[in-house]
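What the coordinates show
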Amino acid sequence: MTRTGTVLDEIIDGVREDLEPRRAAVPAAQIRELAAQAAPARDARSALAGDGTTMGLIAEVKRASPSKGQLADIPAPAELAGIYARHGAGTISVLTEQRRFRGSLADLDAVRAEVSIPVLRKDFVVDPYQVYEARAHGADLILLIVAALDDAQLRDLDALVTELGMQALVETHTEEELERALALDAGIIGVNARNLKTLDVDLQRAAGLLRRIPPGPLTIGESAVASVADVEAYAAAGADAVLVGEALVTAGDPAESVAAFRAVARRGRARQEGARA
């Protein structure tokens, strides 16, 4: 893809650089073998769909972000994930990007050992090695950011995710990216209110894109959730679930926040009617 010097480009450059020492330590043949030996992946889509009456929740273990900097220390990611799981989260998201989010594969390992619900590896995936790596460390769901990948990369990485028994959360931010996700026949589509190229946030824009998604994919509203009202806004746009990090790790009581977000009624029929209009 053409490099334009955006925030996303800078993050991906760092991701590629940080990948090389891991690839040298655990060669491709070994990571493929470890992926093959991992326990079967859990069904994140079903976990997030639930009974269809209330919003699903991907609750995130998130120490920092490029837009806000340091958010929380989180010395015990497994403990936080356990709280999320016990209070209704359908999936746990674990940041593994090191430079901007202060995440690690060690966090993923700790969370995987603690919870029985599906786990998302949240990173900037641009290389097949990272997909094998995610499966080797027990991830069930993996993020594919449309803005970071050309059509061939997106198709090939999605096929590898499926081959390994995982599912992909295909993240979009624009109409063009949404069309690419739909052309991929993605089973789980995320709409991010944050533009990863500029870090600007627009929940209304995200809501508009969610309304354009036809019946079929499970839909996730990402970013810009600070309150129950924001979850309700995503629900009104037809999202089936939300992905929340900052609001949970900075909350005085993450258990209470998880329960409150999960209690929001789902309004999927509104999304379907809007798609046909």
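Residues numbered from 1 in each chain as written. Predicted model: local features only at pLDDT ≥ 70, side-chain atom pairs only at ≥ 80, totals over all residues. Heavy atoms only, no water.

Three or more residues of helix α9 (residues 203-211) are buried, namely Leu203, Ala206, Ala207, Leu209 and Leu210. Burial along α9 is one-sided: seen end-on, the buried residues are contained in an arc of 165°. One side-chain oxygen of the residue at the start of α9 lies 3.1 Å from the amide nitrogen of Gln204, identifying that residue as Asp202. (Buried < 20%, exposed > 50% of the residue type's maximum accessible area, 1.4 Å probe, protein only. Helix = DSSP H or I, 4+ residues; strand = E, 2+ residues; numbered from the N terminus. Arc of directions from axis to C-beta. Polar contact = N/O pair within 3.5 Å; in protein donor to acceptor, adjacent residues only side chain to side chain.)

What follows is about the pairing of strand β7 (residues 167-172). Of all 6 residues that make up β7, 5 are buried, and the element is covered over most of its length. Looking at chain direction, strand β6 (residues 141-145) and β7 are connected through 5 bridges and run parallel. Across the sheet, Leu143 pairs through a bridge with Leu169, a residue of β7. Read as a crossover between parallel neighbours, the route from β6 over helix α7 (residues 151-163) to β7 is right-handed. Of the pairings in the sheet, the one linking β7 to strand β8 (residues 188-192) comprises 4 bridges and is parallel in character. From the neighbouring strand, Thr172 faces β8, where its bridge partner is Val191. Taken together, β7, helix α8 (residues 175-183) and β8 constitute a β-α-β crossover, and its handedness is right-handed. (Pairing = 2+ DSSP bridges. Right-handed = clockwise from strand over helix to strand, strands pointing away.)

The biggest cluster of nonpolar side chains holds 93 residues, and the ones touching the most others in it are Tyr84, Ile92, Phe124, Val131, Leu169, Ile220 and Tyr234. Here this core takes 6 residues from helix α1 (residues 7-25), the largest share from any one element. (Core = buried A, V, L, I, M, F, W, Y, C linked by side-chain atoms within 4.5 Å.)

Packing of helix α4 (residues 77-86) against helix α5 (residues 105-114) leaves a shortest axis separation of 8 Å and a crossing angle of 45°. By the angle class used here, α4 and α5 are oblique. Two packed elements cross with a definite hand, and for α4 against α5 that hand is right-handed. Between α4 and α5, the residues in contact are Pro77, Ala78, Ala81 and Gly82 and Asp107, Ala110, Val111 and Glu114, respectively. Across the contact of α4 with α5, the residue classes tally to 5 nonpolar, 1 polar and 2 charged. (Axes fitted to C-alpha atoms, helices over the stretch in contact; angles between N-to-C directions. Parallel < 35°, antiparallel > 145°, perpendicular 65-115°, else oblique. Left-handed = near helix turned anticlockwise from the far one by under 90°. Contact = heavy atoms within 4.5 Å. Nonpolar A, V, L, I, M, F, W, Y, C, P; charged D, E, K, R; others polar.)

Burial along strand β10 (residues 241-244) is two-sided: the face carrying Ala241 and Leu243 and the face carrying Val242 and Val244 are both buried. In terms of strand pairing, strand β9 (residues 218-222) meets β10 through 3 bridges, oriented parallel. Considered in β10, the bridge of Gly221 is made with Val242. Each parallel crossover has a hand, and the one from β9 via helix α10 (residues 228-236) to β10 is right-handed.

Right, let's talk about unusual backbone geometry for a bit. In this structure, Asp185 takes a positive phi of about 60° despite not being glycine. Assignment of secondary structure puts Asp185 in the loop between α8 and β8. Even without a glycine there, the phi angle at Ser223 is positive, about 75°.

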